[in-house]
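Topology and contacts: notes
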Amino acid sequence: MKNLLYKEFKLCMQPLVVIFYVAVFMLLIPNYMYLVPFFFTGNALFNSMQVSIANSDALFTSMLPVSKHSIVKSKFMFIVCVQLIMLLLCIPVMFLNHALISAGNKAGIDACPALFLGAFLVYSVFNSTFMPIFYKTGYKTDKAFLISTIAVFAFIFVFEGIFIAAAAAQNSVPFFAWLENNVDCWPSNASLLTIQLVCALVGAAIYALATYAAYRRSCKYFDKVDV
Amino acid sequence: MDLLKVDSLCKKYDGFTLDNVSFSVEPGTIMGFIGRNGAGKTTTMKAMLNLIGRDGGSVTFEGMDYYAHETECKQDIGFIMGEFNCYTRSKLSKITDVTKRFYRNWDDEAYRKYLKRFGLDENKRVRELSAGMRVKYALALALSHNARLLVLDEPTSGLDPVSRDDLLDVLRGVIEDESRSVLFSTHIISDLEKCADNITYIINGRIYASCDIESFKARYLLVSGDLEALSKAKPHLIGHKENAFGFTGLIKAEDAEKVADCRFAPADLESIMIYVEQEA
C-alpha cells in the first residue's frame with residue numbers, strides 16, 4: 001500500500017496540487033464563503049488525473065504486481081492524502097482568521113472548527129461524484145469534473161445558505177439560533193469547542209463512509225474497463 | 001508441469017471475438033505468438049494478464065489460478081507492451097526507483113548490467129529516448145526482477161537489426177537455466193526462426209496451431225510449377241500466387257504426392273503465414 005502511495009506522489013502528483021494549497025489563504029478574506037477554497041483541491045486533483053491519463057499511469061500500474069483494484073485504490077489513497085493535508089493547513093490559517101477578523105462572517109459559516117464539517121462534506125461530494133464517474137470509463141475526466149463541480153457548488157450554496165439564513169432569522173427560528181450561537185462562531189469555552197469538534201467528527205465519519213462507498217463503486221465500474 | 005497454461009480464453013467485442021484460445025508454455029522455452037495485425041495477439045495477452053475483462057476461460061501460472069492469485073503471479077512475470085510510453089517527462093531513475101519497490105526479487109546488479117548492455121542513461125527522460133531505447137528500457141525493467149515468465153508484446157518492432165539480434169541473444173540467455181520462459185508476439189517472423197522453440201499461431205481470434213516450430217514447418221511444403229501444373233494442383237493448394245513463370249504456393253506435406261509436375265521445397269514460417277492467411 002505504501003508503495004502505491006509512493007508511486008502517486010513521485011510519479012503522478014502535479015505541482016498544481018501544491019499551488020492550489022495557496023487557496024487555504026482564502027479563509028482570510030472577510031465575508032466570504034469559506035467552503036470555496038476546498039473546491040480548489042478538487043481542481044488540482046482533476047489536473048493530476050488528466051496528467052495520469054496522459055502518462056498511461058493505469059497501464060504502468062497494471063503491469064506491476066498489484067491487482068486491478070489497486071489502480072483505483074492508489075488514486076483514492078492519493079486524493080485522501082491531498083484532501084487531509086489541505087484540512088491540516090486550514091488549522092493555522094483559521095487561528096490567523098480569528099486574530100485578524102473579529103466581526104465574524106456574513107457570507108456563511110465562520111472560519112471555526114465547525115467549518116471542517118462543511119469541508120469534509122465538500123470532499124465527500126467530490127469523491128462520490130468525480131471518482132465513480134471517472135472510473136466508468138477510466139479516461140473521461142471532463143464529464144466527471146463537470147458533474148462534480150455542479151454537485152460541489154450546489155452543496156456549498158445550500159450549506160453556506162443555511163448559515164446566512166441562521167444569522168438573519170436566529171430570533172425567530174430556535175434551530176437557527178442554536179446554529180448561530182454554538183456552531184457558527186469561534187468557540188469561547190470548552191462546551192462550545194466540544195460541539196464544534198463533534199460537528200467536525202461527524203463530517204469526518206461521513207467523509208470516511210462516503211469515500212469508501214465511492215471506492216467500492218469505482219472498483220465495480222473499473223472492473224469492466226479495459227486498461 | 002507447464003509454466004503457463006491458457007485454457008479456453010474468450011473475449012467478445014463488437015466485430016471481434018477471441019474464441020476459446022488455448023495454449024501452454026513449458027519452462028525453458030521461447031514461445032512465439034504470431035498472427036496478422038488485429039488477429040488477437042495483444043487482446044489475448046491482455047486478457048490473460050487481466051488487463052482487460054474476459055468472457056470465459058482460465059489461466060494457470062506455476063500451477064496457480066492466475067486470476068485468484070494475480071498479485072503473487074505478477075511477481076514472477078515481466079510484461080512489456082511494446083515501447084515504454086509511461087511518464088514520458090520523468091527520468092528513468094525515478095521510474096525505476098518506484099518500480100523496484102514492488103518486486104521482492106528485484107536485482108539491482110542485473111538492472112545495472114542491462115542498462116550498460118543496452119546503453120541506457122538513467123538520467124535521461126523517457127521522451128528523450130528513441131522508440132528502440134524505450135523498448136530496451138522496458139526490457140531492462142522486466143528482466144531485473146528475476147521473472148520466471150516474460151510476456152513481450154511486439155518487443156522487436158521498434159528495434160534496428162543489431163539491437164533485435166542483441167535482444168534475441170538476451171532472450172536465449174533468459175531461458176538458459178531451463179526454469180524460465182518467454183512468450184513473445186511479433187510479426188517479424190525472422191526473429192522467431194532465430195530463437196523460438198514453439199509457436200502459437202492465431203487467426204481472427206482463433207488458435208490455428210500451437211506446437212513446436214519445426215513440426216509446424218514440416219506440415220507444409222512450398223510448391224511451384226508452370227500454369228498447366230497449377231490447374232491440376234489447385235484443389236490441393238492452401239494458397240498460391242501466379243507469376244510470369246507459373247505459380248508458387250503452399251501445400252500440406254501429406255498432399256504433396258497428389259500433385260504432379262511440380263517442384264517442392266521446405267516451407268519457411270513467413271511463407272506459411274502468407275498463404276494460410278490468403279486462405280483465411
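Shown above is the structure to which this text applies.
Each chain carries its own residue numbering, running from 1 in the written order of its sequence. Naming scheme: in the order in which they are written, chains are lettered from A and ligands are numbered from 1. The predicted nature of this model means local features are confined to residues of pLDDT at least 70 and side-chain atom pairs, given and counted, to a pLDDT of 80 or more, with totals for whole chains, interfaces and linings taken over all residues. Calculated side-chain values reflect all of the structure's heavy atoms, with hydrogen atoms and water omitted.

**So, the overall build of chain B**
Here a strand is any run of E in DSSP of at least two residues, a helix any run of H or I of at least four, and the numbering for each starts at the N terminus. Regarding its fold elements, chain B presents ten helices and 14 strands. Taking 280 residues into account, the globule formula puts the C-alpha radius of gyration at 19 Å, and chain B, at 21 Å, falls close to it. In terms of its C-alpha atoms, chain B occupies a principal-axis envelope of roughly 65 × 40 × 40 Å. Note on areas: Shrake-Rupley, 1.4 Å probe, and residue coverage restricted to the protein chains presented here. When the accessible surface of chain B is summed, it comes to about 12200 Å², and 44% of that surface belongs to carbon and sulfur atoms. Computing the positive centroid from 37 side-chain charges and the negative centroid from 44, chain B places the two 7 Å apart. What the globule rule says is 2.2 Å times the number of residues to the power 0.38, and the radius of gyration is computed from C-alpha atoms. Residues scored as charged are limited to Lys and Arg (positive) and Asp and Glu (negative), so that His and the chain ends carry no count. Lys charges are placed at NZ, Arg charges at CZ, Asp charges at CG and Glu charges at CD.

**Remarks on the side chain of Asn50(B)**
Residue placement: Asn50(B) occurs in the loop between α1 (41-48) and β4 (56-61). Contacts between residues were defined by any pair of non-hydrogen atoms, one from each residue, lying within 4.5 Å. If sequence neighbours within four positions are ignored, Asn50(B) has contacts with Lys68(A), Tyr66(B), Tyr67(B) and Glu70(B).

**Comments concerning the pairing of strand β2 (residues 16-25) of chain B**
Residue and element names in this part refer to chain B. We treat two strands as partners when DSSP finds at least two bridges between them. Looking at chain direction, strand β1 (residues 4-13) and β2 are connected through seven bridges and run antiparallel. Directly across from Leu9, in β2, lies its bridge partner Val21. Between β1 and β2, which pair antiparallel one after the other, the connecting turn spans two residues, and Gly15 there sits at a positive phi close to 85°.

**What about the sheet that holds strand β8 (residues 181-185) of chain B?**
Residue and element names in this part refer to chain B. In spatial order, the strands read β6-β7-β8-β3-β9-β10; together these six strands make up an open sheet with mixed pairing. This sheet does not close on itself; its edge strands, each paired only once, are β6 (77-81) and β10 (206-212). Neighbour-to-neighbour, the strand axes of the sheet open up by a mean angle of 10°, direction not taken into account. In this sheet, strand β7 (residues 149-153) lies alongside β6 in parallel orientation, the contact comprising five bridges. Paired with Met81 across the bridge in β7 is Asp153. Contacting β6 and β7, helix α5 (residues 131-143) runs over the sheet at an angle of about 170° to β6. To obtain each axis, a line is fitted to C-alpha atoms, and for helices this fit is confined to the stretch in contact; angles are then taken between N-to-C directions over 0 to 180 degrees.

**Focus: the sheet that holds β4(B)**
Residue and element names in this part refer to chain B. Spatially, the four strands line up as an open sheet ordered β2-β1-β4-β5, and their pairing is antiparallel. Of all strands in the sheet, those with a lone pairing partner are β2 and β5 (64-65), marking the two edges. Relative to β5, β4 runs antiparallel, the two sharing two bridges. Across the sheet, Thr60 pairs through a bridge with Asp65, a residue of β5.

**Here's the deal with a positive patch on the surface**
Taken together, Arg89(B), Lys91(B), Lys94(B), Arg125(B) and Arg127(B) make up a surface patch of like positive charges. If you trace the backbone, Arg89(B) turns up in the loop between β6 and α3 (92-100). Patches draw on residues past 30% relative accessible area with no salt bridge. Two like charges within 9 Å are joined, as are two nonpolar side chains (Val, Leu, Ile, Met, Phe, Trp, Tyr) within 5 Å. Counted as salt bridges are all cases of a side-chain nitrogen of Lys or Arg within 4 Å of a carboxyl oxygen of Asp or Glu.

**Notes on a nonpolar patch on the surface**
On the surface, a cluster of nonpolar side chains totalling about 210 Å² of accessible area is made up of Phe9(A), Ile85(A) and Leu89(A). In this fold, Ile85(A) is placed in helix α5 (residues 68-100).

**Description of the interface of chain B and chain A**
Listed per partner, the contact involves 27 residues of chain B and 23 residues of chain A. Overall, the association of chain B and chain A removes approximately 2300 Å² of surface from exposure, summing both partners, and the carbon and sulfur fraction of that is 62%. On the chain B side of the contact with chain A, Leu51(B), Tyr87(B) and Phe102(B) bury the most area, a combined 31% of that side's loss. Our count for the contact surface shared by chain B and chain A stands at two salt bridges. Of all elements in the fold, only β1, α2 (70-74), β6 and α3 of chain B reach the threshold of two or more residues within the side of chain B that touches chain A. A per-element tally of the side of chain B that touches chain A places α3(B) first, with five residues. Throughout this entry, Asp, Glu, Lys and Arg are counted as charged residues, while Ala, Val, Leu, Ile, Met, Phe, Trp, Tyr, Cys and Pro are counted as nonpolar. The remaining residues, Gly among them, count as polar. A breakdown of the residues in the side of chain B that touches chain A according to their chemical character gives twelve nonpolar, eight polar and seven charged. The quantity reported as buried area is the accessible area (1.4 Å probe) lost by two parts once they are put together, taken as the sum for both.

**Considerations on the packing of aromatic side chains**
Think of it this way: a Phe, Tyr or Trp ring, Trp meaning its six-membered ring, pairs with another when their centres are within 6.5 Å, and the plane angle makes it stacked under 30 degrees, edge-to-face over 60, tilted otherwise. What the rule picks out here adds up to 33 aromatic pairs over all chains. Judged by centre distance (6.3 Å) and plane angle (90°), the ring pair of Tyr201(B) and Phe216(B) falls under edge-to-face. Of the two residues, Tyr201(B) is situated in strand β9 (residues 198-203) and Phe216(B) in helix α8 (residues 213-218); the sequence distance between them amounts to 15 residues. Each residue's exposure class comes from its accessible area (1.4 Å probe, protein chains only) as a fraction of the maximum for that residue type: buried when under 20%, exposed when over 50%, partly exposed otherwise. Judged by its relative accessible area of 0%, Tyr201(B) falls in the buried class. Positioned over the ring face of Phe222(A) is Lys68(A), at 5.3 Å from the centre of the ring. Criterion for a charge above a ring: Lys NZ or Arg CZ within 6 Å of the ring centre, and within 35 degrees of the ring normal. Between Arg101(B) and the ring centre of Tyr6(A), over which it is positioned, the NZ or CZ distance is 3.6 Å.

Worth remembering: the numbers are spatial, not functional.
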